[in-house]
Amino acid sequence: MADIAVVGAGYVGLVTGACFAHLGHRVTCLDIDRHKVESLNRGELPIYEPGLESLVRESLAQGRLAFTLDPETAIPRSEFIFVAVQTPSASNGQADLVALLSAVSTLAPLVRKRAVIIQKSTVPIGTAGFVEELVTRRRNGSSPHVVANPEFLREGSAVSDFLQPDRIVVGAKDRAAAERVAGLYDYADCPIIVTDPNTAEMIKYASNSFLAAKISFMNEIAQLCDAFGADVREVAQGMGHDARIGSEFLGAGLGWGGSCFPKDVKALVHMAKAVSVSPRLLEAVQKVNSNQRRVAVAKLESMLGSLDGAVIGLLGLAFKAGTDDLRSAPSLPLAEALVERGASVRGYDPVAMEAAARIAPEIDCYDSPEELADGADALVLVTEWPEFRELDMAEIKRRMRRPVILDGRNFLDGDYLEDIGFVYLGFGAGSNNGKVTPISAIAALGKTA
């Protein structure tokens, strides 16, 4: 078993540290936030992630996991040092590497000669090489190897993603260093891709950008389905049986959010422009996604007329189920757009209420879906929490002023809701918003054929 240090006890660092400790390694997580470190040493987590709290508490109790503010406690004894600090993006998409460079500058003089520094943070292409140069300067010429090992953790299933990964990517100039890092993942029954650092870093950006592109593509198809009266859910099912396409990430709705897709697509656009490559597709992926919030508002207006004075309830606030993360969550720009049109906005989420109260004062938070529905003119399903499928929708309807529901994830049973008297709106879900199939458009196509 190895001695491992994890620099940064945020989302990625905490999952990485807890999982390696669970696998039997001795792990010390280093962070600069005293309150966070003290809370974590008591087994109290700053984030909601299924299964993570039990792993942290198990490894703390067994002495395999500790949290510290002191670099000299964590770094000198460690064979592997994972750097997992945040790299937020600026308004132009450029990644902010201040925390990364500060962390590397601090740890560089303390790293023992045969240790490996492992870059876990998502960073611009070429950062691993830059970090190795920085460490070399800080150590007056002798440098441990720096390896790129991007993470592929989905919020809401991060623990299982770490313990049962689809693939492991290791990028290094030194083959022996790469193989040492790959050895940490010998528990995983998956391909291990050993490549150069730049390619490893690009794999992460390309993967997330491609998944975002799949979602944006289906959202554009959903608009066509709305126009022609087709059902995007069945379109996605028909497409997904094609092995070349696959069934994942073909869901239409309010679009993608979270900490990864928005940041990584924006960063790749910025990097492309920096080397005079025109990222036309990636820019279109972004535009389609941001437009989905406007599509949602238009759908509500089509049923309610003016939104001035309307009461709109948001079922779910987190960007996806299984997390309390509100970073780039569709609920936030949707709420802002509704408020701009004079609506009052309510919200309910099983786990993200505290976070919403801090960062979204325009959303009045309610304690239950039933209270959310009282006197509401419309509900919008924003987050696909499984418990929302189990709600007593007849009771929800009874409490509402107008029984309108916009299913922002095509998640609910629209036929049932219509049967009990709801006006149900989905995204490309076959309702056609009451429109007639545009035969004139078809005729026009015939004339130009």
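See above for the structure.
Residues numbered from 1 in each chain as written. Predicted model: local features only at pLDDT ≥ 70, side-chain atom pairs only at ≥ 80, totals over all residues. Heavy atoms only, no water.

Novice: Describe the overall build of the protein chain, with residues and values.
Specialist: Within the protein chain, the regular secondary structure consists of 18 helices and 14 strands. Taking 22 Å as the expected radius of gyration for a compact globule of 449 residues, we find that the protein chain reaches 24 Å, a close match to that expectation. Along the first, second and third principal axes, the C-alpha atoms of the protein chain reach 70 × 55 × 40 Å. Counting the 449 residues in the protein chain, one finds 52% classified as buried. Summarising the internal contacts of the protein chain: among those between residues at least 6 apart in sequence, 72% fall at separations of at least 24. Carbon and sulfur atoms form 52% of the exposed surface of the protein chain, whose accessible area is close to 19900 Å². Treating the 45 positive side-chain charges of the protein chain as one cloud and the 57 negative ones as another, the clouds have centres 6 Å apart. (Helix = DSSP H or I, 4+ residues; strand = E, 2+ residues; numbered from the N terminus. Rg over C-alpha atoms; globule rule 2.2 N^0.38 Å. Buried < 20%, exposed > 50% of the residue type's maximum accessible area, 1.4 Å probe, protein only. Contact = heavy atoms within 4.5 Å. Areas by Shrake-Rupley, 256 points an atom, 1.4 Å probe, with all protein chains shown as cover. Lys, Arg positive; Asp, Glu negative; His and termini not counted. Charge placed at Lys NZ, Arg CZ, Asp CG, Glu CD.)

Novice: Would you mind going over the sheet that holds strand β14 (residues 423-425) in detail, with residue names and values included?
Specialist: Ordered by their spatial adjacency, six strands build an open sheet running β11-β10-β9-β12-β13-β14, and the pairing between neighbours is parallel. Of all the strands in the sheet, just β11 (363-365) and β14 have a single pairing partner and so form its edges. In this sheet, adjacent strand axes meet at a mean angle of 25 degrees when their direction is disregarded. As judged from the four bridges shared by strand β9 (residues 311-315) and strand β12 (residues 378-381), these two strands associate in the parallel manner. By the bridge assignment for β12, Leu315 is matched with Leu381. The sheet strands contacting helix α12 (residues 280-304) are β9, β12, β13 (404-407) and β14, and the helix crosses β13 at an angle near 160 degrees. In the packing of helix α13 (residues 331-340) onto the sheet, the strands contacted are β9, β10 (344-348), β11 and β12, and the crossing angle to β9 comes to about 175 degrees. (Pairing = 2+ DSSP bridges. Axes fitted to C-alpha atoms, helices over the stretch in contact; angles between N-to-C directions.)

Novice: Before we move on, can you summarise the packing of helix α9 (residues 197-228) against α12 with the specific residues and values?
Specialist: At a minimum axis distance of 9 Å, the contact between α9 and α12 shows a crossing angle of 45 degrees. On the basis of the axis angle, α9 is oblique to α12. Handedness of the crossing formed by α9 with α12: left-handed. Touching Ser209, Ala212, Ala213, Ser216, Asn219, Glu220, Gln223 and Asp226 of α9 are Leu282, Val285, Val288, Asn289, Asn291, Gln292, Val295 and Lys299, all from α12. Taken together, the residues of the contact of α9 with α12 break down into six nonpolar, seven polar and three charged. (Parallel < 35°, antiparallel > 145°, perpendicular 65-115°, else oblique. Left-handed = near helix turned anticlockwise from the far one by under 90°. Nonpolar A, V, L, I, M, F, W, Y, C, P; charged D, E, K, R; others polar.)

Novice: Give me the lowdown on helix α1 (residues 11-22), citing residues and values where you can.
Specialist: Side chains that are three or four residues apart share a direction in an α-helix, a result of its 3.6 residues per turn. Taking 1.5 Å of rise per residue, the twelve residues of α1 would be expected to cover 16 Å, and the 16 Å separating its terminal C-alpha atoms lies within 8% of that figure. Counted residue by residue, α1 has eleven buried out of twelve residues, so it is predominantly covered. Within the sequence span of α1, burial applies to Tyr11, Val12, Gly13, Leu14, Val15, Thr16, Gly17, Ala18, Cys19, Phe20 and Ala21. In the stretch just after α1, Gly24 is the one whose phi turns positive, near 110 degrees. (Expected span 1.5 Å × (residues − 1).)

Novice: Lay out the pattern of salt bridges in plain terms, naming residues and giving numbers.
Specialist: Opposite charge on two side chains lets them pair, provided their charged atoms get close. Enumeration over the complete set of coordinates arrives at 24 salt bridges. Notably, a salt bridge pairs Asp264 with Lys263, separated by 3.6 Å at the nearest N-O pair. By relative accessible area, Asp264 is classed as buried at 1%. Arg409 is the salt-bridge partner of Glu384, the closest N and O atoms lying 3.8 Å from each other. Placement of Glu384 in the loop between β12 and α16 (393-399) and of Arg409 in the loop between β13 and α17 (414-419) is noted, with a sequence separation of 25 residues between them. The exposure class of Arg409 is buried, given its relative accessible area of 18%. If you follow the salt bridges from partner to partner, you end up with Asp374, Glu395, Arg398 and Arg399 in one network. (Salt bridge = Lys/Arg side-chain N within 4 Å of Asp/Glu carboxyl O.)

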